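For reference, the chains in residue letters:
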Amino acid sequence: MSSSKTALITGASSGIGAVYAERLAARGYNLVLVARRADRLASLAEKLGQARSASVRTIAADLTAEADIAQIEHVLRQESIDLLVNNAGMGPSASTSDMSDADAAATLTLNVAALMRLTRAALPGMRARKLGAIVNVASVLAFHALPLTSLYSATKAFVLTFSRGVQQEVKADGVLVQAVLPAGTITEFYESAGLSIDDFDPRVFMSAEQLVDAALSGLDRGEDVTLPSVHDLNLWADYDAARQRLFAGTQNGSPAPRYATA
Ligand code: NAP
């Protein structure tokens, strides 16, 4: 039996995206899996096709390449996609000045431009159908920048802020936009970034399965922002309340007295 619901997942060839594919197939979704490594997508599709009755389609696409982004936009505009998981991302580990021009441009295009464009392509259909969800995979580095993560952190701050704005635009149409903020998650991400996961404190890592199961639980609860590794949710509530107080404190229309010139 095949479900009428379809999910499109970017970065489905490994890590978090591959677990989303498994979990959504188990929930009865038909899948469109997107990433560059066609061989990985094909074996995942075969595995899921054998285990589940849902249909699985793969599209080999480089989401830093204009033609490939346009191809996925086309799918999102033309087909009835119920759930978009914007998961593909990269984070080369290098200082801002040392990072290659190619890596810097690719990080910005993949993490920011492609995610924004696919979100925009998916929204009109979802709003018209009054149904749908977009999961944007950000990072806890959305609110924390470290040396060597400047660009990556900034791209994930974009994902969080963009998601929070879009949420307010489409909620009344029955469309949910969830920002997922993973902390350390055991995937190939670190190797791809030129790092070794063994150099980090193992206590801060969870498995990709734990991460995705928590994120889907957050989606089921209708959460706008999901922080799977944060046990004390008051931390987020305090942070968000401080953010709102700070914004309110900017609405003054005059320079603060400390900037008065003598
Ligand atoms: P991963 O195993 O390296 O997965 C990254 C995925 O993105 C792969 O499927 C990769 O597929 C795809 N991808 C990379 N470049 C692409 C491109 N140019 N075009 C299309 N797809 C591309 O790492 P992951 O941890 O699962 O990462 C998934 C998301 O979680 C990312 O957005 C990452 O920033 C975020 N995240 C991860 C962690 C963590 O600790 N692991 C923490 C916070 C946030 P191909 O190589 O086949 O294209």
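Just so it is clear, the model here is predicted, and its values are computed rather than measured. (Residues numbered from 1 in each chain as written. Predicted model: local features only at pLDDT ≥ 70, side-chain atom pairs only at ≥ 80, totals over all residues. Heavy atoms only, no water.)

### Remarks on the overall build of the protein chain
Argument step 1. A tally of helices and strands in the protein chain yields eight helices and nine strands.
Argument step 2. Taken against the 2.2 N^0.38 rule, which gives 18 Å for 262 residues, the C-alpha radius of gyration of the protein chain at 19 Å falls within 12% of a compact globule.
Argument step 3. Taken along its principal axes, the extent of the C-alpha atoms in the protein chain is 75 × 45 × 40 Å.
Argument step 4. Residues counted as buried form 44% of the 262 residues belonging to the protein chain. (Helix = DSSP H or I, 4+ residues; strand = E, 2+ residues; numbered from the N terminus. Rg over C-alpha atoms; globule rule 2.2 N^0.38 Å. Buried < 20%, exposed > 50% of the residue type's maximum accessible area, 1.4 Å probe, protein only.)

### Focus: the pattern of salt bridges
Argument step 1. Under the definition given, this model contains 14 salt bridges.
Argument step 2. A salt bridge links K47 to E22; the shortest N-O distance between them is 2.8 Å. With K47 in helix α2 (residues 38–51) and E22 in helix α1 (residues 15–26), this residue pair connects regions lying 25 residues apart in the sequence.
Argument step 3. Of the residues examined, E22 reaches a relative accessible area of 21% and is grouped as partly exposed.
Argument step 4. Taking the shortest distance from any N to any O, the salt bridge between D240 and R164 comes out at 2.7 Å. One end of the pair, D240, is in helix α8 (residues 234–249); the other, R164, is in helix α5 (residues 150–170), and 76 residues separate them in sequence.
Argument step 5. Since its relative accessible area comes to 10%, D240 is described here as buried.
Argument step 6. With a relative accessible area of 19%, R164 lands in the buried category. (Salt bridge = Lys/Arg side-chain N within 4 Å of Asp/Glu carboxyl O.)

### Re the pairing of strand β5 (residues 132–137)
Argument step 1. In terms of residue burial, β5 counts as a mostly covered element, since six of its six residues are buried.
Argument step 2. Taking every second residue as pointing to the same face, both faces of β5 are buried, with G132, I134 and N136 on one and A133, V135 and V137 on the other.
Argument step 3. Taken together, the four bridges between strand β4 (residues 83–86) and β5 define a ladder with parallel strand orientation. If you follow L83 over to β5, its bridge partner there is A133.
Argument step 4. The handedness of the β4 to β5 crossover, carried by helix α4 (residues 101–129), is right-handed.
Argument step 5. Here β5 runs beside strand β6 (residues 175–180); their pairing, made up of six bridges, is parallel. The partner of G132 across the bridge, within β6, is V175.
Argument step 6. The parallel pair β5 and β6, bridged by α5, forms a crossover whose chirality is right-handed. (Pairing = 2+ DSSP bridges. Right-handed = clockwise from strand over helix to strand, strands pointing away.)

### What about the environment of A183?
Argument step 1. Within the secondary structure, A183 is located in the loop between β6 and β7 (185–186).
Argument step 2. Using a relative accessible area of 24% as the deciding quantity, one classes A183 as partly exposed.
Argument step 3. Residues A183 and L141 lie 42 residues apart in sequence; the distance between their C-alpha atoms is 7.9 Å.
Argument step 4. Among all residues touching A183, those that are not within four sequence positions of it are V140 and S229. (Contact = heavy atoms within 4.5 Å.)

### What to know about the packing of aromatic side chains
Argument step 1. Going through the model one piece at a time under the given rule, you end up with nine aromatic pairs.
Argument step 2. Within the aromatic cluster, the residues linked to one another by ring pairs are Y152, F189, Y190, F200 and F205. (Phe/Tyr/Trp six-rings, centres within 6.5 Å; stacked < 30°, edge-to-face > 60°.)

### Considerations on the pairing of strand β3 (residues 56–60)
Argument step 1. Here strand β2 (residues 30–35) runs beside β3; their pairing, made up of five bridges, is parallel. Looking across to β3, one finds that V34 is bridged to I59.
Argument step 2. Handedness of the β2-α2-β3 crossover: right-handed.

### A short note on helix α7 (residues 208–220)
Argument step 1. Taking 1.5 Å of rise per residue, 13 residues should cover 18 Å, and α7 covers 18 Å from first to last C-alpha, within 8% of that figure.
Argument step 2. Those residues of α7 lying buried are A208, L211, V212, A215, L216, G218 and L219. Across the axial projection of α7, the buried residues extend over an arc of 155°, all falling on one side.
Argument step 3. Two residues or fewer after α7 comes G222, characterised by a positive phi angle close to 80°. (Expected span 1.5 Å × (residues − 1). Arc of directions from axis to C-beta.)

### A closer look at the nonpolar core
Argument step 1. Counting residues in hydrophobic clusters, the biggest one holds 37 residues, and the most contacted among them are L8, V34, L63, I72, L76, L84 and L181.
Argument step 2. Taken together, the elements giving at least two residues each to this core come down to β2, α3 (66–78), α4, α5 and β6.
Argument step 3. For this core, the element with the most residues is α4, which contributes eight residues.
Argument step 4. Once residues within four sequence positions are removed from consideration, L63 is found in contact with T10, V34, D68, I69, I72, A88, T109, L110, A114 and L118.
Argument step 5. Core analysis: the next-biggest nonpolar cluster, separate from the first, contains 31 residues, I9, A18, L176 and A208 among them. (Core = buried A, V, L, I, M, F, W, Y, C linked by side-chain atoms within 4.5 Å.)

Structural measurements only, silent on function.
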